[in-house]
Amino acid sequence: MSQPTLRKQLTTQTTPDDLIRLIEDIASACRRIGDEVRHGAFAGILGAADSKNVQGETQKELDVISDEIFADMVSSGVAALVSEEVETVNWLVDAPNAGQFIVYYDPLDGSSNLDVNLSVGTIFSIVRLTTDVARDDTTTRIPGTEQIAAGYAIYGPSTQLVVTVGQGVQAYTHHPGSGEFLLTTPQMRIPEQTSEFAINASRYDMWEPPVRAYIDDCLRGADGPRGRKFNMRWCASMVADVHRILTRGGVFLYPKDSGNAEQGGKLRLMYEANPMGLLVEAAGGAASTGAGRILEVAPTGHHQRVAVILGSRDEVALIDDYHSR
Ligand SMILES: O=P(O)(O)OC[C@H]1O[C@](O)(COP(=O)(O)O)[C@@H](O)[C@@H]1O
Ligand SMILES: [Mg+2]
Ligand SMILES: [Mg+2]
């Protein structure tokens with residue numbers, strides 16, 4: 001094993017010790033969640049649970065199990081956990097190894113893919129509270145610009161952990177023999193230009209005019225205003241779509257449309273849009289709502305939703321331009 005381990009690489013990047021311990025907790029939890037996902041068919045847990053989450057969505061059994069694993073295993077230096085699957089903030093300040101970190105997380109992302117054996121993941125975002133924490137839920141409404149680290153695990157053909165602690169984006173691959181996450185991509189970079197978009201095209205008739213105009217122009221190909229052919233991908237798993245973009249470029253859109261406008265969009269700011277926004281920007285890309293930088297959105301609630309447009313910088317800038325026309 002010549003590649004550095006997660007701890008070795010984070011130490012080389014002079015990451016504070018308490019943050020390394022926290023990221024290692026998260027890596028252990030993701031290893032366990034990956035195992036549960038892989039053995040889900042044997043345990044018969046790939047289906048729906050008979051419960052709904054705060055978003056009113058029917059939970060998958062593995063949504064609940066993954067949340068329990070994460071909440072059990074992630075505690076080093078933690079003051080509070082904010083989960084997609086739990087309505088309220090889980091304050092840990094009385095726990096023996098509590099500290100100043102707030103961890104926002106989506107325990108299982110892309111869960112509609114579970115029973116069809118496609119890639120799913122876990123997403124996390126970390127902020128460090130500077131002052132002594134007050135146990136009130138407004139304390140945790142912190143803009144994405146304050147994140148000190150973010151990442152995701154992807155449970156695909158291999159399990160990978162993709163992390164930023166402020167020095168670019170690193171990808172680690174789980175090494176089944178040793179159980180370690182080993183550094184396999186030292187720097188993920190997003191090309192500034194792309195000819196590949198990802199959007200759920202079945203929502204075409206619900207899109208607002210700027211998004212419809214942008215996609216129409218891409219689909220007109222070489223003879224159209226873009227002067228080149230565009231390809232399309234949609235995994236219905238944000239982790240899988242963003243991983244592809246961090247690996248080879250592209251643009252991902254989940255806009256606000258007439259079908260989700262009441263909720264403000266589909267994807268959640270604190271544990272989907274903010275962490276993915278931090279990763280994409282750290283890899284040279286951009287992340288926008290169409291009306292401004294995602295990371296600068298002032299949070300009004302833990303489960304608030306936003307429009308998401310992220311990926312290759314020039315393409316995101318162009319889509320923003322469609323919104324300002
Ligand atoms: O079903 P749609 O419209 O394709 O939406 C897919 C999107 O919803 C999500 O599955 C929402 O995340 P969760 O699975 O964590 O609820 C994203 O991962 C994905 O990008
Ligand atoms: Mg999700
Ligand atoms: Mg989820």
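Model, not experiment: these values are computed from the prediction.

Undergrad: Mind showing me how you'd approach the coordination of the magnesium ion (ligand 2) here?
TA: Geometry reference: four tetrahedral donors at a metal, ideal angle 109.5 degrees. Six octahedral donors, ideal angles 90 or 180 degrees. Protein coordination at the magnesium ion (ligand 2) comes from Asp106 (OD), Asp109 (OD) and Glu272 (OE), with a distance range of 1.9 to 2.1 Å. For the magnesium ion (ligand 2), the donor residues sit on a single chain with the sequence spacing D-x2-D-x162-E. Between the two metal centres, the magnesium ion (ligand 2) and the magnesium ion (ligand 3), the spacing is 3.6 Å, with Asp106 acting as a shared donor. Here Asp109, found in strand E5 (residues 101–109), pairs with Glu272, found in helix H7 (residues 269–282); they are 163 residues apart in sequence, far enough to count as distant. Exposure class is identical for Asp109 and Glu272. Each is buried.

Undergrad: It is not clear to me how the environment of Asp94 should be interpreted in this structure. Could you clarify?
TA: With respect to the element layout, Asp94 can be found in the loop between strand E4 (90–91) and E5. Each C-alpha atom of the pair Asp94 and Ala79 lies 8.5 Å from the other, and the pair is 15 residues apart in sequence.

Undergrad: When you look at the site of ligand 1 in this model, what are you seeing that I'm missing?
TA: Within the structure, ligand 1 sits among 17 residues, and Asp106, Asp109, Gly110, Met238 and Tyr254 are positioned closest to it. Residue Asp106 places a side-chain N or O atom 2.9 Å away from an oxygen atom belonging to ligand 1. In the environment of ligand 1, an oxygen atom lies 2.9 Å from a nitrogen or oxygen atom belonging to the backbone of Gly110. Starting from 470 Å² of accessible surface for ligand 1 in isolation, the protein chains cover 87%. Looking at the shell around ligand 1, the elements that each hand over two or more residues are E5, strand E13 (251–254) and strand E14 (267–268).

Undergrad: Got a minute to help me understand the coordination of the magnesium ion (ligand 3) in this structure?
TA: Coordination of the magnesium ion (ligand 3) by the protein comes from Glu84 (OE), Asp106 (OD) and Leu108 (O), over a distance range of 2.0 to 2.2 Å. We note that the donor set of the magnesium ion (ligand 3) lies within a single chain, spaced as E-x21-D-x1-L.

Undergrad: Quick question: what am I supposed to make of the sheet that holds strand E12 (residues 231–232) here?
TA: Either a parallel or an antiparallel arrangement is found when strands of a sheet pair, and the pairing is made through backbone hydrogen bonds. Read across the open sheet, the 5 strands follow the order E12-E11-E13-E17-E15; overall the sheet is mixed. Pairing within the sheet leaves two strands with one partner each, and these edge strands are E12 and strand E15 (286–288). The sheet contact formed by strand E11 (residues 196–198) and E12 spans 2 bridges and is parallel. Counted as the bridge partner of Glu196 is Asn231 from E12.

Undergrad: How should the pattern of salt bridges be read in this particular structure?
TA: Where charged atoms from two side chains of opposite charge come close, those side chains can pair. Applying the stated criterion to the full structure yields 17 salt bridges. The salt bridge partner of Arg325 is Asp321, with a shortest N-O separation of 3.0 Å. Using a relative accessible area of 33% as the deciding quantity, one classes Asp321 as partly exposed. Each of the salt bridges in this network shares a partner with another, and the network as a whole consists of Glu57, Glu84, Arg268 and Glu272.

Undergrad: Honestly, the packing of helix H5 (residues 209–219) against helix H8 (residues 313–324) in this entry has me stumped. Any pointers?
TA: Two measures define how a pair of helices packs: the angle their axes make with one another and the distance between the axes. Relative to each other, H5 and H8 sit at 130°, their axes nearing to 8 Å. Our classification of the angle between H5 and H8 gives oblique. For the pair H5 and H8, the sense of crossing is right-handed. Counted together, Pro210, Val211, Ala213, Tyr214, Asp217 and Cys218 of H5 and Glu315, Leu318, Ile319, Tyr322 and His323 of H8 form the full contact between these two elements. Looking at side-chain class alone, the contact of H5 with H8 contains 8 nonpolar, 1 polar and 2 charged residues.

Undergrad: Looking at this structure, I do not really get the UniProt feature "binding site: Mg(2+) 2" (unreviewed entry) in the protein chain. What am I missing?
TA: Mapped onto the present numbering, the UniProt feature "binding site: Mg(2+) 2" (unreviewed entry) falls on Asp106, Asp109 and Glu272. In summary, the annotated positions, though distributed over 167 residues, converge in three dimensions, the widest C-alpha pair being only 8.7 Å. According to the relative accessible area criterion, Asp109 is buried, its value standing at 5%. A distance of 3.1 Å separates a polar atom in the side chain of Asp109 from the backbone nitrogen of Met238. On the basis of relative accessible area, Glu272 is assigned to the buried category, the value being 1%. Beyond its immediate stretch of four places on either side in the chain, Glu272 contacts Asp106, Asp109, Ile123, Met238 and Leu267.

Undergrad: What's the story with the side chain of Asp25 in this structure? I'm lost.
TA: Its location among the elements puts Asp25 in helix H2 (residues 17–38). The charged side chain of Asp25 is buried without a salt bridge, its nearest counter-charge being Arg21 at 7.7 Å. Apart from residues no more than four positions distant in its own chain, Asp25 is found in contact with Met73, Val74, Ser75 and Ser76.

The rules we used
- Residues numbered from 1 in each chain as written.
- Chains lettered and ligands numbered in written order.
- Predicted model: local features only at pLDDT ≥ 70, side-chain atom pairs only at ≥ 80, totals over all residues.
- Heavy atoms only, no water.
- Donors = N, O, S within 2.8 Å, 3.2 Å for Na, K, Ca; no water.
- Helix = DSSP H or I, 4+ residues; strand = E, 2+ residues; numbered from the N terminus.
- Buried < 20%, exposed > 50% of the residue type's maximum accessible area, 1.4 Å probe, protein only.
- Near = heavy atom within 4 Å.
- Polar contact = N/O pair within 3.5 Å; in protein donor to acceptor, adjacent residues only side chain to side chain.
- Areas by Shrake-Rupley, 256 points an atom, 1.4 Å probe, with all protein chains shown as cover.
- Pairing = 2+ DSSP bridges.
- Salt bridge = Lys/Arg side-chain N within 4 Å of Asp/Glu carboxyl O.
- Axes fitted to C-alpha atoms, helices over the stretch in contact; angles between N-to-C directions.
- Parallel < 35°, antiparallel > 145°, perpendicular 65-115°, else oblique.
- Left-handed = near helix turned anticlockwise from the far one by under 90°.
- Contact = heavy atoms within 4.5 Å.
- Nonpolar A, V, L, I, M, F, W, Y, C, P; charged D, E, K, R; others polar.
- UniProt positions renumbered as here; feature names shortened; annotations may be inferred.
- Lys, Arg positive; Asp, Glu negative; His and termini not counted.

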